[in-house]
Amino acid sequence: MKNVLPLILPFLFLTVILSAQQVTVIDPPFWWADMPVAELQIQLYGEELGYYRASVDYEGIEIIRQIAVDSPNYLFIYLDISKHAKPGQLNIKLTRDGNKIDVPYQLLQRESSQGRYQGFDSKDVIYLMMPDRFANGNPDNDSIKGMLEKANRQDPTKRQGGDIQGVRDHLDYIQEIGMTAIWFTPIIENDMKPEYGAYHGYAATNLYKVDRRYGSNEEYKALIDEVHRRGMKVIMDMINNHIGDQHWWMKDLPTKDWVNDIEKFGTTSFRGSVASDPYASNYDINKLTKGWFVPEMPDLNQNNELLGDYLIQNTLWWIEYSGIDGIRMDTYVYPDKEFMARWAKQVLDAYPTLNIVGEAWVNTVQMSGFWQYDDEGASDGYQSNLPSVTDFPFANTVRSAFNQNFGWTQGLRSLYYLFAQDAVYENPMLNVIFLDNHDMGRIFETLGKNKEHFKMTYAFLMTARGIPQVYYGTELMMEHENRGGDDEGWRQTMPGGWPDDTRSIFTKEGRTTQENETFEYVKTLTKWRNTSKAAQKGKFLHFVPEEDIYVYFRIHEQQTVMVIMNNNAEARTIGRDRFAEILDGFTSGKNILTKEAINVRRNFKVPPKTTSIWELEK
Ligand code: CA
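This one's a predicted model, so the numbers in the text were calculated from it and none came from an experiment. (Residues numbered from 1 in each chain as written. Predicted model: local features only at pLDDT ≥ 70, side-chain atom pairs only at ≥ 80, totals over all residues. Heavy atoms only, no water.)

I tried to follow the sheet that holds strand β4 (residues 53-56) on my own but got confused; where do I start?
Sheet strands pair by backbone hydrogen bonding; their relative direction is either parallel or antiparallel. Read across the sheet, four strands follow the order β2-β8-β7-β4 without closing on themselves; strand pairing throughout is mixed. Edge positions in the open sheet fall to β2 (31-32) and β4, since each of these has one partner strand only. Here strand β7 (residues 88-96) runs beside strand β8 (residues 99-108); their pairing, made up of nine bridges, is antiparallel. Pairing of Ile92 across the sheet is with Val103, part of β8. (Pairing = 2+ DSSP bridges. Helix = DSSP H or I, 4+ residues; strand = E, 2+ residues; numbered from the N terminus.)

And the structure:
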C-alpha cells in the first residue's frame, strides 16, 4: 500500500486540474445509487466537449448513448445505472484524438426515506412565505460579492435580505400558529440584474443551486431536516416553464430550440383558458405556450427531449437531495401540457408518497378541474397526472362574496355555487384553497379592511373542503404597504425579522392589541383544525343559502361539525327542521371558539357577521 500511494496521488491531482480546466459544469453535480429510475442524463459543459467520446468503467453502469448538440461545448451522456451499482466514485473518461479528460462523478448512498417526501393533503395547513421578505437571520449574506443585485432595504422592489436562517429562527412561531407545512417561493439562484427585481425567485439562473443570498444547498437541506424533526413539511416551488435571462445557458444555448424564439412568438398571452379550449387555434396555443413570460424570462422548450429529461431529473435530484414533501409547480398551464403530464407522472412514479400542486391560474371551476388528474369531461381526454391544483375559483369567489350581494349567484350564495360544481374535480379534497397569495392583494385589504368579514373568511378557509394555504402575515391581518410597485404592497417584510426593526411581531409584546387578537383567533382555529378529523377529511354537505346564511356540515365517522356563516348584521334564529337529516342524530352543539352550547333539537340562535363552528354532540 505504501508504494502505491505516491503513484496515485499525482495522477488524481492531474485529472482534477484537467477536468477543472475543461469541464466547467456537470449537471446534476452528483447522483445516487439505487434510485427509483435507472436512467441518468449527465450534461457536461466545457470547451469543445461535444467532440469527445465518453466511456465508463464501473460495475453495474453502462453508457446508453451520448449526444452532441448544436453548440460544440456540450456533451449529454445517458447512463444506465443498474440495481447492482454500488455507491462510490465513477470516472467518466472523455477522449478525443490523443486528449483525455477524467471526470470524477459521485454516486452517493441514498438516505433513509424515513420522514422524507411525505406528501401533503387536507390534514395540512400550508404557510406560504417569501424567503426574501420573512426574516433576515444572516445579514452577512444580504449582498454577495460577484452577484448582480445587492440588498436595498430602502427600495421594496429590491432584495430585503431575508434568508433560510431567518426562516429557521422562526419555526417556533410558524408552529405556534398551527401551520403544518411551509411553501417558500423559489430559493434557487436568481442572479439577475438589479433593475429586474428577482427577489421573487422565479427567474432561475442555476437550477441546481440555492441562491447564496438565502444560504447554501446544505443550509436548505438542514432547514428541511429541522422542519421534519418538528413534524412539519416543506413544499418546494419549482418552474418548468421559464428561466431568467442571466442563466448561464443563455450565453451558449445547447441547441437552437432550447428556448422558444421571442422574435417569433413574443411574450405569452397569459390566456390559460387556451390550454383546455377544444376550439383553440394554433396561433393561440403557440402564443400561450411559446411566448416568453416576460422579456427577462426566456421560455423553455420542454419538447426538446434533452431539456425535458434535464427538467425531470432536476426535480428528482431536489427530492432525493433535500427530502422535500411536496412541489408547487409554477405557471402550470404555460408549458406544453403533454410534457407536464410526463413530468408529473415520472416524478410521482419515482416518489409515490410525494404530492404536487400545480399553479393552474384559471378562473372557472371547469378549467380548473381540467388540470387535476384525468378529467373525463375534457374533450381531448387530457390526463394531467397532477394530484392538486391551486383553487383560484375558490379564492376569487371568497374575495368577491362579501363585496357584492345582489344577484342569485352573489354574496354567500356564490360559495354554495362554487362547491355545487365540484363534480368536475377528480378529488376536490386535494385542491389547495386560499384567500390570497404573493400575486394578489392581501385578503384584509380586498375585504375593505372589514374585520368581521376577515374572520368569517378565515373560518371558512379552515372548514371548507381542500388543503388550506395561508399567506404569511394573514395571522396578523396585515394591510398593504403603500410603497413600491403593485406587488410590493402585499409582499412586505415581517416587523422583527430584521435586526434594526423597532418591534417584533414574532412576540406577544411586540404585537399590537389588534394583532394579538387576530393572532389568537387564527391560532385557535388552525390548531382546532389540526385536531378535527371532520374539518380535515370529513364528507362535505351543504344547504342552499337563504337570507345570506350559508350552512354546511363536515361529517366524519367520529365527529360531525356544523358551520354557519351568518352574513347578517344581527343574530338570527335558525329553524332546525331544514337540517333535520343531520341534526336528528344529535342533541347539542358546542361552539369551538366560545365553548357556548346550543340545543339542536329546537330552533337555535347564531351570532351576527360570524362564521360559527359547532361540534355536534349526541
Ligand atoms: Ca440575509
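When you look at helix α11 (residues 392-401) in this model, what are you seeing that I'm missing?
For the α-helix, the turn length of 3.6 residues means that residues three or four positions removed from each other point alike. For α11, the tally of buried residues reaches eight of 10 residues, placing the bulk of the element in the interior. Those residues of α11 not exposed but buried are Phe392, Pro393, Phe394, Ala395, Thr397, Val398, Arg399 and Ala401. Along its buried surface, α11 packs onto α10 (365-370), α12 (413-419), β17 (432-434), α13 (443-446) and α14 (451-463). Sitting at the head of α11, Asp391 places a side-chain oxygen 3.0 Å from the backbone nitrogen of Phe394. (Buried < 20%, exposed > 50% of the residue type's maximum accessible area, 1.4 Å probe, protein only. Contact = heavy atoms within 4.5 Å. Polar contact = N/O pair within 3.5 Å; in protein donor to acceptor, adjacent residues only side chain to side chain.)

Is there a simple way to think about the coordination of the calcium ion in this case?
Coordination angles at a metal have ideal targets, namely 109.5 degrees for four tetrahedral donors and 90 or 180 degrees for six octahedral donors. Here the calcium ion is held by the protein donor atoms Asn136 (OD1), Asn138 (O), Asn141 (OD1), Asp142 (OD), Gly161 (O) and Asp163 (OD), which lie 2.3 to 2.6 Å from it. Around the calcium ion, the six donor atoms sit at angles spanning 64 to 161°, and that spread fits a shape best called irregular. Written as a sequence motif, the donor arrangement for the calcium ion is N-x1-N-x2-N-D-x18-G-x1-D. Of the two residues, Asp142 is situated in the loop between α2 (131-134) and α3 (164-169) and Asp163 in the loop between α2 and α3; the sequence distance between them amounts to 21 residues. Accessibility expressed as a relative area gives 15% for Asp142, which makes it buried. (Donors = N, O, S within 2.8 Å, 3.2 Å for Na, K, Ca; no water. Tetrahedral: all angles 85-135°; square planar, octahedral: opposite > 155°, others 65-115°.)

What am I meant to see in the packing of α14 against helix α15 (residues 513-531) here?
The description of two helices packed together rests on the angle between their axes and the distance between the axes. Where α14 meets α15, the axes come as close as 9 Å, and the angle between the chain directions of the two elements is 20°. Regarding the angle of α14 to α15, the classification is roughly parallel. Pair α14 / α15 crosses with right-handed handedness. Where α14 abuts α15, its residues Lys451, Phe454, Lys455, Met456, Tyr458, Ala459, Met462 and Thr463 lie against Gln514, Glu517, Thr518, Tyr521, Val522, Leu525, Thr526, Trp528 and Arg529. When the residues that make up the contact of α14 with α15 are grouped by side-chain class, the tally is nine nonpolar, four polar and four charged. (Axes fitted to C-alpha atoms, helices over the stretch in contact; angles between N-to-C directions. Parallel < 35°, antiparallel > 145°, perpendicular 65-115°, else oblique. Left-handed = near helix turned anticlockwise from the far one by under 90°. Nonpolar A, V, L, I, M, F, W, Y, C, P; charged D, E, K, R; others polar.)

Hey, could you run me through the sheet that holds strand β24 (residues 597-599) in this one?
Read from one edge of the open sheet, six strands run β19-β20-β21-β26-β23-β24, paired in antiparallel fashion. What marks the edges here is a single partner per strand, and that holds for β19 (539-542) and β24. If you compare each strand with its neighbour and ignore which way they point, the axes differ by 25° on average. Of the pairings in the sheet, the one linking strand β20 (residues 549-556) to strand β21 (residues 559-566) comprises eight bridges and is antiparallel in character. Residue Tyr550 lies in a different strand from β21, and its bridge partner there is Met565.

Which parts of the structure should I look at to understand a negative patch on the surface?
On the surface, a cluster of negative charge is contributed by Glu39, Glu62, Asp80 and Glu305. Take Glu305: it is sitting in helix α8 (residues 305-322). (Patch = residues over 30% accessible without salt bridge, like charges linked within 9 Å, V, L, I, M, F, W, Y side chains within 5 Å. Areas by Shrake-Rupley, 256 points an atom, 1.4 Å probe, with all protein chains shown as cover. Salt bridge = Lys/Arg side-chain N within 4 Å of Asp/Glu carboxyl O. Lys, Arg positive; Asp, Glu negative; His and termini not counted. Charge placed at Lys NZ, Arg CZ, Asp CG, Glu CD.)

I would appreciate a short explanation of the domain arrangement of the protein chain in the present structure.
How big an interface is tends to be stated in terms of the accessible area lost upon association of its parts. Here the domain parsing of the protein chain yields domain 1 (5-108), domain 2 (126-500) and domain 3 (539-617). A C-alpha centroid distance of 35 Å is found between domain 2 and domain 3. The partner domain 3 presents 18 residues to the 17 residues of domain 2 that form the contact. Surface buried jointly by domain 2 and domain 3 totals about 1,600 Å² across both partners, of which 67% is contributed by carbon and sulfur atoms. Ranking the residues of domain 2 by area buried against domain 3 places Leu412, Tyr416 and Thr463 at the top, with a combined share of 38%. Where domain 2 meets domain 3, there are zero salt bridges. The interface formed by domain 2 and domain 3 contains six residue pairs in polar contact (both at pLDDT 80 or more). Only α12 and α14 provide two or more residues apiece to the side of domain 2 that touches domain 3. (Domains from an automatic or database assignment. Buried area = accessible area lost by both parts, 1.4 Å probe.)

How should I be thinking about the pattern of salt bridges in this particular structure?
Opposite charge on two side chains makes pairing possible when the charged atoms of those side chains draw close. Taken as a whole and assessed by the stated rule, the structure comprises 39 salt bridges. A salt bridge links Glu226 to Arg230; the shortest N-O distance between them is 2.9 Å. Under the relative-accessibility criterion, Glu226 is labelled buried at 16%. Overall, Arg230 belongs to the partly exposed group, its relative accessible area being 25%.

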